[in-house]
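# Commentary on secondary and tertiary structure
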There are 2 protein chains.
Amino acid sequence: MNNFDFQNPTRLIFGKGTIAKLGTEIPSDKRIMVCFGGGSAKKNGVYEQVKNALSNHFNIEFWGIEPNPDYDTVMKAVTLARDNKINYLVAVGGGSVIDGTKFIAHAIPYTGEDAWELAIHPEKITKTTPLATVLTLPATGSEMNYRGVLSRRRTQEKVSFITPKSSPQFSILDPEVTYTLPKKQLSNGIVDAFMHIMEQYMTTTGNGILMDRWAEGVLLSLIEIGPKVLENQKDYDTMANFMLCASMALNDFVSMGVPQDWATHRIGYELTVLYGLDHAETLAVVYPSLLRVLKKQKTEKLAQYAERVWNITTGSKEEKADKAIEKTEEFFRQMGLRTRMSEYGIPAEAVDIIYNRLKAHNIAYGENKNVTAEVAREIYTGCL
Amino acid sequence: MNNFDFQNPTRLIFGKGTIAKLGTEIPSDKRIMVCFGGGSAKKNGVYEQVKNALSNHFNIEFWGIEPNPDYDTVMKAVTLARDNKINYLVAVGGGSVIDGTKFIAHAIPYTGEDAWELAIHPEKITKTTPLATVLTLPATGSEMNYRGVLSRRRTQEKVSFITPKSSPQFSILDPEVTYTLPKKQLSNGIVDAFMHIMEQYMTTTGNGILMDRWAEGVLLSLIEIGPKVLENQKDYDTMANFMLCASMALNDFVSMGVPQDWATHRIGYELTVLYGLDHAETLAVVYPSLLRVLKKQKTEKLAQYAERVWNITTGSKEEKADKAIEKTEEFFRQMGLRTRMSEYGIPAEAVDIIYNRLKAHNIAYGENKNVTAEVAREIYTGCL
């Protein structure tokens with residue numbers, strides 16, 4: 001097991017009716033900016049609940065943090081916050097709103113010229129405005145971690161900024177807010193959470209006996225819950241377990257002392273930037289092909305995954321690995337996602353376009369840093 | 001799933017050579033008291049590592065926090081700390097040293113007359129001296145939770161004090177410190193961690209799909225690791241996984257939104273107070289009998305436990321439950337613990353002695369509050 005340093009200070013306030021606690025958890029003298037996405041909060045009743053909870057606080061609203069939050073958008077929020085002397089932020093939404101708000105929190109006190117610098121070099125972040133979240137879409141785990149992703153459409157860039165300073169102080173998770181989510185977002189959320197675990201689990205090295213079990217536990221839960229979520233999204237316990245799985249899938253609880261991969265996420269970004277695919281769609285496309293290309297390197301763990309997660313108990317390790325990859329792709333399709341580029345109307349030329357971009361960045365991703373642009377080309381060719 | 005409020009702010013610094021970080025993690029102006037147990041820290045090299053790490057800090061030592069820490073002992077430490085204007089504590093030891101130091105941390109700033117009051121009414125704790133730990137014995141999980149147990153031998157009392165204020169700021173876990181632990185302590189530690197999970201898992205109600213998987217994950221890991229720990233306690237990865245399991249077994253990571261039981265712990269205390277059994281020994285004695293007595297109530301979960309943890313796939317639910325109880329008792333014995341009162345030389349009259357004590361307290365323990373003194377008598381009769 002590798003040495004590690006773990007801390008996750010975010011408090012989870014979880015369950016029915018918990019949005020009402022928002023007001024009592026934030027000191028009454030704080031000047032709050034509440035950040036929203038595109039407007040769904042007004043349709044599902046969350047907006048009213050949040051505003052009622054904050055009725056005794058000074059608070060303003062910022063609307064319009066888009067999926068894959070854009071630097072130019074969040075900088076408008078930063079200006080608004082500075083103009084209003086905001087000293088507490090509340091993100092109401094899914095991973096994109098939360099990620100965007102994390103960046104806003106860092107950028108408000110930043111005195112440098114170009115705050116994009118903080119996205120590329122999060123070690124330069126010295127001060128952060130405190131932040132809480134009200135989660136409306138289980139998927140990214142951003143409500144309980146210190147990760148964020150920011151895009152800059154002007155320059156076709158998308159970067160992760162990872163810093164302990166991004167941890168929300170608390171996050172409110174009321175499973176009832178998921179009852180009215182579009183089915184597509186549920187599909188994406190399930191696959192997103194599943195893939196977060198795979199990136200921390202599907203590695204060849206390490207000796208994380210307990211971490212393997214916990215990763216497998218989330219996978220088994222998602223496989224059990226996934227079809228139920230799509231069938232009846234108003235079943236409280238189903239949605240509560242889904243919501244909990246998504247938070248636990250990326251809060252470092254399953255990654256203590258074990259290697260991680262993340263090649264699928266990194267090379268998948270290209271499909272969002274160039275062709276506008278949802279994040280989860282990029283993962284569903286790239287991952288089965290990545291596993292086929294890297295099968296030899298990952299055979300041992302794939303066989304374990306086959307046995308423990310998919311109950312595939314017969315055949316050689318290679319056969320188990322093959323079946324497990326098939327099962328994984330099937331699961332993504334069962335969850336309603338397409339798994340081939342052609343199904344999204346992406347032409348075969350995309351492979352070389354992406355290759356050239358990755359080549360220019362001289363990439364070396366994955367647990368063994370061996371997913372180079374050439375390997376990525378092979379992976380993309382495999383998912384046409 | 002039940003509503004819940006989760007937060008665990010303790011930082012884990014885990015791995016080889018990490019004790020050296022103790023000094024850099026505590027501000028240099030702090031006046032530190034380091035609390036130890038009976039002297040093993042001087043034999044295994046931990047004392048030297050701790051003192052070296054703190055060579056630039058003002059620090060004094062308090063020795064002698066015993067197993068099942070006693071109120072009178074820790075109050076001596078409180079006096080020493082007050083006399084030396086101590087404002088930071090470091091516990092070096094296992095659960096008893098850490099629990100005792102947690103109480104010291106609360107008692108130092110307490111201005112009331114009798115600090116025992118804080119053990120019985122932890123809600124009265126308003127100020128706490130900051131605390132870090134260097135764990136030397138994986139077992140209780142105290143290094144990463146806000147629980148503590150304190151005894152008062154003078155009055156034959158033993159109480160749990162549970163308060164978020166007890167969370168250590170950070171805990172250092174170097175698996176190499178376990179290489180020289182007496183085998184008996186390893187046996188106890190494994191059973192202790194196993195039982196912590198069972199108390200949070202073996203319940204009839206609730207719908208914690210993910211929490212069940214995570215609880216089962218710790219159990220499966222302990223069953224895999226246990227024999228290896230006893231066979232070769234100098235295998236780094238084995239001991240690292242054991243250490244991690246013990247911390248994760250009682251830090252609220254597996255109890256989000258699910259019911260808990262704790263009857264075994266509560267009624268087991270009597271065997272420590274009256275007959276001096278180690279904590280883990282009391283659990284190994286009481287639990288198999290408790291499961292037999294409460295089998296009807298817990299059949300569903302016992303059958304799930306049988307299937308997922310012990311791979312018992314044939315027979316009726318009742319038969320699976322019976323086999324799982326047998327397997328559990330066998331595992332405790334495999335770990336080197338005796339599971340019957342008579343094996344510890346406790347006479348049959350103990351049953352009535354304990355019954356009368358529990359009756360006087362009018363107990364109603366367990367997930368359904370139905371473990372009364374009468375039920376406890378039945379349980380104790382079953383483990384003679």
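This one's a predicted model, so the numbers in the text were calculated from it and none came from an experiment.

### With respect to the pattern of salt bridges
Using the criterion set out here, one finds 44 salt bridges over all chains in the structure. Of the charged contacts, one joins R11 of chain B and D5 of chain A as a salt bridge, the two residues approaching to 2.6 Å between their closest N and O atoms. Here R11 of chain B is found in strand 1 (residues 4-14), whereas its partner D5 of chain A is found in strand 1 (residues 4-14) on a different chain. The shortest N-O distance in the salt bridge between R308 of chain B and E216 of chain B comes to 3.0 Å. Taken together, the positions of R308 of chain B in helix 12 (residues 295-310) and E216 of chain B in helix 8 (residues 209-231) put the pair 92 residues apart, joining distant regions of the chain. For R308 of chain B, a relative accessible area of 29% puts it in the partly exposed group.

### Details of the packing of aromatic side chains
Going through the model one piece at a time under the given rule, you end up with 30 aromatic pairs over all chains. A centroid spacing of 5.0 Å and a plane angle of 40 degrees characterise the contact between F194 of chain B and F331 of chain B, whose relative ring orientation is tilted. With F194 of chain B in helix 7 (residues 183-201) and F331 of chain B in helix 13 (residues 317-334), this pair connects stretches of sequence that are 137 residues apart. In textbook terms, an aromatic cluster arises when at least three aromatic residues are bridged by ring pairs, as seen for F6, W214 and F253 of chain A together with F6, W214 and F253 of chain B. Geometry around F58 of chain A places R31 of chain A over its ring, the cationic atom sitting 3.9 Å from the centre. Above the face of the Y355 of chain B ring, R377 of chain B is positioned so that its terminal group lies 3.9 Å from the ring centre.

### Structural notes on the interface of chain A and chain B
Opposite the 41 residues of chain A that make contact, chain B presents 41 residues. Looking only at chain A, the three residues that lose the most surface to chain B are M1, I209 and W214 of chain A, adding up to 18% of its buried area. For the pair chain A and chain B, the number of links is two salt bridges. If you look at where chain A meets chain B, you find 19 residue pairs in polar contact (both at pLDDT 80 or more). Elements represented by at least two residues in the side of chain A that touches chain B include exactly strand 1, helix 8 (209-231) and helix 9 (236-248) of chain A. In terms of residue class, the side of chain A that touches chain B is made up of 23 nonpolar, twelve polar and six charged. Summarising the sheet, strand 1 of chain A and strand 1 of chain B pair through seven bridges and their orientation is antiparallel. Along strand 1 of chain B, the bridge assignment pairs F14 of chain A with F4 of chain B.

### Some remarks on the domain arrangement of chain A
Residues and elements named next belong to chain A. Once the domains are mapped, chain A shows domain 1 (11-177) and domain 2 (182-382). Once you take the C-alpha centre of each, domain 1 and domain 2 turn out to be 27 Å apart. Here domain 1 meets domain 2 over a buried area of about 2,100 Å², counting both sides, of which 63% is carbon and sulfur. At the boundary of domain 1 with domain 2, the tally comes to zero salt bridges. On the surface where domain 1 and domain 2 come into contact, there are six residue pairs in polar contact (both at pLDDT 80 or more). Those elements that place two or more of their residues in the side of domain 1 that touches domain 2 are strand 1, strand 6 (147-152) and strand 7 (157-162). Along the lines of polarity and charge, the residues of the side of domain 1 that touches domain 2 split into twelve nonpolar, seven polar and six charged.

### Some words on helix 3 (residues 46-53) of chain A
Residues and elements named next belong to chain A. Within the span of helix 3, buried status applies to V46, Y47, V50 and A53. Looking straight down helix 3, one finds its buried side chains confined to an arc of 135 degrees; they lie on one side. Where the residues of helix 3 are buried, they touch helix 1 (22-25), strand 2 (31-35), helix 2 (40-43), strand 3 (58-62), strand 4 (88-93) and strand 5 (131-135).

### Topic: the nonpolar core
If you look at the biggest cluster of nonpolar residues, it comprises 281 residues, and the most contacted ones within it are F103 and Y305 of chain A together with F103 and Y305 of chain B. Here F103 of chain A is in contact with Y71, V74, M75, A115, W116, L118, A119, L150 and F161 of chain A, once residues within four sequence places are set aside.

### A look at the relation of the copies chain A and chain B
Structural alignment of chain A on chain B gives an RMSD of 0.0 Å, achieved by rotating through 180 degrees and translating 0.0 Å along the axis. The transformation just described matches what one would write down for a two-fold rotation axis. No C-alpha of chain A approaches the rotation axis more nearly than that of P9 of chain A, which lies at 2.1 Å. A share of 100% of interface residues in chain A that are also interface residues in chain B marks the association as one of identical surfaces.

About the cut-offs
Residues numbered from 1 in each chain as written. Chains lettered and ligands numbered in written order. Predicted model: local features only at pLDDT ≥ 70, side-chain atom pairs only at ≥ 80, totals over all residues. Heavy atoms only, no water. Salt bridge = Lys/Arg side-chain N within 4 Å of Asp/Glu carboxyl O. Helix = DSSP H or I, 4+ residues; strand = E, 2+ residues; numbered from the N terminus. Buried < 20%, exposed > 50% of the residue type's maximum accessible area, 1.4 Å probe, protein only. Phe/Tyr/Trp six-rings, centres within 6.5 Å; stacked < 30°, edge-to-face > 60°. Lys NZ or Arg CZ within 6 Å of the ring centre and 35° of its normal. Contact = heavy atoms within 4.5 Å. Buried area = accessible area lost by both parts, 1.4 Å probe. Polar contact = N/O pair within 3.5 Å; in protein donor to acceptor, adjacent residues only side chain to side chain. Nonpolar A, V, L, I, M, F, W, Y, C, P; charged D, E, K, R; others polar. Pairing = 2+ DSSP bridges. Domains from an automatic or database assignment. Arc of directions from axis to C-beta. Core = buried A, V, L, I, M, F, W, Y, C linked by side-chain atoms within 4.5 Å. Least-squares fit on C-alpha atoms with pLDDT ≥ 70 in both.

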